[in-house]
Amino acid sequence: MFDKILISRCFLGENVRYDSKAIPLKHPLLALWQQQKRLVAICPEVSGGLPVPREPAEQQPHSGKVITLSNIDVSAQFNDGANQALALCKKHNIRFALLKESSPSCGSSYIYDGSFSNKKIVGQGITSQLLHQHGITVFSEHSLDKLATLLDCADLTNHQ
Ligand code: SF4
């Protein structure tokens, strides 16, 4: 059995982003992982009940709440989506996730600073935080090669 990977739906070319634009992640390993039926896809924000398109939202550094550009608190929807992502990981025994960097849900190293001025700070999105707390390692499009190396090691161990 191959280890499964939780993946951001927008990486697969689905129009789930806030601006409804598709930004597929083009990497040969994605096709291979799809063929191996490793990928379990989720968009936490859509799963949490938010529409496409939707207002941009950013995590506020002091309160941790997620607020839209017009000051609507969407923390509940973000938390709901994060919990659904975690439930999927538990269901499929997932230890690794590949999520879109800088998203207020999926970012694993950087997020926007909450001021809607296009500034990034070190931090994790709501889903990445929750997954990390439960021992799931989150990778981004910038660290895909590290994930591939870990999966190779895991595959060797699983098939011994
Ligand atoms: Fe992609 Fe995650 Fe944003 Fe959904 S919440 S559009 S999966 S980055």
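Up top you'll find the structure we're talking about.
Given the structure is predicted, the values throughout are model-derived calculations rather than measurements.

Draft legend 1. Quick peek at the overall build of the chain. Counting its secondary structure elements, the chain contains five helices and eight strands. Listing every helix and strand of the chain by position from the N terminus yields β-α-β-α-β-β-α-β-β-β-α-β-α. Rg of the C-alpha trace for the chain: 15 Å, near the compact-globule value of 15 Å for 160 residues, within the 12% margin. When its C-alpha atoms are laid out on the principal axes, the chain stretches across 55 × 30 × 25 Å. Expressed as a percentage of its 160 residues, the buried residues of the chain come to 44%. Within the chain, counting contacts between residues at least 6 apart in sequence, those at least 24 apart form 66% of the total. Carbon and sulfur atoms form 54% of the exposed surface of the chain, whose accessible area is close to 8,400 Å².

Draft legend 2. Focus on the pairing of strand E2 (residues 39-42). Bridge count for strand E1 (residues 5-8) against E2 is four bridges, and the pairing is parallel. Residue pairing in the sheet places Ile 7 in a bridge with Ala 41 of E2.

Draft legend 3. Structural context of the site of the ligand. Lining the immediate environment of the ligand, one finds 14 residues, of which Cys 10, Cys 43, Glu 45, Lys 100 and Cys 106 sit closest. One can see that the ligand is located within the largest pocket. Grouping the amino acids of the shell around the ligand by side-chain chemistry returns six nonpolar, three polar and five charged.

Draft legend 4. Main features of the environment of Ile 5. Note on placement: Ile 5 falls in strand E1. Separated by 32 residues in sequence, Ile 5 and Lys 37 have C-alpha atoms that sit 9.4 Å apart. Here Ile 5 is in contact with Trp 33, Arg 38, Leu 39, Val 40, Ile 94, Phe 96, Ala 97, Leu 98, Leu 147 and Leu 151, once residues within four sequence places are set aside.

Draft legend 5. Geometry of the nonpolar core. Of all hydrophobic cores here, the largest spans 21 residues; its most connected members are Leu 6, Phe 78, Ala 97, Leu 99 and Leu 131. Looking at this core, the elements with two or more residues in it are E2, helix H3 (75-91) and helix H4 (126-133). Among the elements that line this core, the one with the most residues is H3, at five residues. Core analysis: the next-biggest nonpolar cluster, separate from the first, contains 14 residues, Phe 11, Leu 39, Phe 96 and Phe 139 among them.

Draft legend 6. Representation of unusual backbone geometry within the structure. Here the amide bond leading from Val 52 into Pro 53 is cis, since omega sits at -10°, within 30 degrees of zero. The phi torsion at Ser 20 lies on the positive side, around 60°, for a residue other than glycine. By the element assignment, Ser 20 lies in the loop between E1 and helix H1 (28-35). Its relative accessible area of 30% is what places Ser 20 among the partly exposed residues. The residue Ser 102 is not glycine, and still its phi comes out positive at about 75°. With respect to the element layout, Ser 102 can be found in the loop between strand E5 (96-98) and strand E6 (110-112). With a relative accessible area of 8%, Ser 102 lands in the buried category.

Draft legend 7. Representation of the layout of surface pockets within the structure. Quantified by volume, the largest pocket comes out at close to 640 Å³. Lining the largest pocket we find 32 residues, and of these Tyr 18, Glu 45, Ala 57, Ser 103 and Pro 104 sit closest to its centre. Where the lining of the largest pocket is concerned, the elements lending two or more residues are helix H2 (44-47) and strand E3 (57-59). Here the residues of the lining of the largest pocket are counted per class, giving 17 nonpolar, seven polar and eight charged.

So, how was this worked out
- Positions within a chain are numbered from 1, following the residues in the order the chain's sequence is written.
- Per-residue local features are limited, in this predicted model, to residues with pLDDT of at least 70; the limit for side-chain atom pairs, both in listing and counting, is 80 or more; totals at the level of whole chains, interfaces and linings are taken over all residues.
- Calculation of side-chain values draws on the structure's entire complement of heavy atoms; hydrogens and water are dropped beforehand.
- A helix here means a DSSP run of H or I that spans at least four residues, while a strand means a run of E at least two residues long, and both kinds are numbered starting from the N terminus.
- Only C-alpha atoms enter the radius of gyration, while the globule expectation follows 2.2 Å times N to the 0.38, with N the number of residues.
- Summary of the burial criterion: residues with accessible area below 20% of their type's maximum are buried, those above 50% are exposed, and those between are partly exposed, where the area comes from a 1.4 Å probe applied to protein chains only.
- Residue contacts are defined here by distance: any two heavy atoms, one from each residue, within 4.5 Å place the two residues in contact.
- All accessible-area figures derive from a Shrake-Rupley calculation using a 1.4 Å probe, and residue coverage is judged against the displayed protein chains alone.
- When DSSP finds at least two bridges between two strands, those strands are taken to pair.
- Working definition: residue near molecule or strand if any one of its non-hydrogen atoms lies within 4 Å of it.
- The definitions used throughout rest on a 1 Å grid laid over the protein atoms alone, on which a cavity is an enclosed set of points accommodating a 1.4 Å probe that cannot get out and a pocket is an open set flanked by protein within 12 Å on both sides along at least five of seven lines; lining residues are those having an atom within 4 Å of a point.
- Throughout, a molecule is located in a cavity or pocket provided that more than half of its atoms lie within 2 Å of its grid points.
- In the scheme used here, Gly and all other residues not listed as nonpolar or charged are polar, with Ala, Val, Leu, Ile, Met, Phe, Trp, Tyr, Cys and Pro taken as nonpolar and Asp, Glu, Lys and Arg as charged.
- Think of a nonpolar core as a cluster: buried Ala, Val, Leu, Ile, Met, Phe, Trp, Tyr and Cys residues, connected wherever their side-chain atoms sit within 4.5 Å.
- Grid points are joined across faces, edges and corners, and a volume is the space filled by probe spheres set on the points.

None of the figures reported here should be taken as evidence of function without further support.
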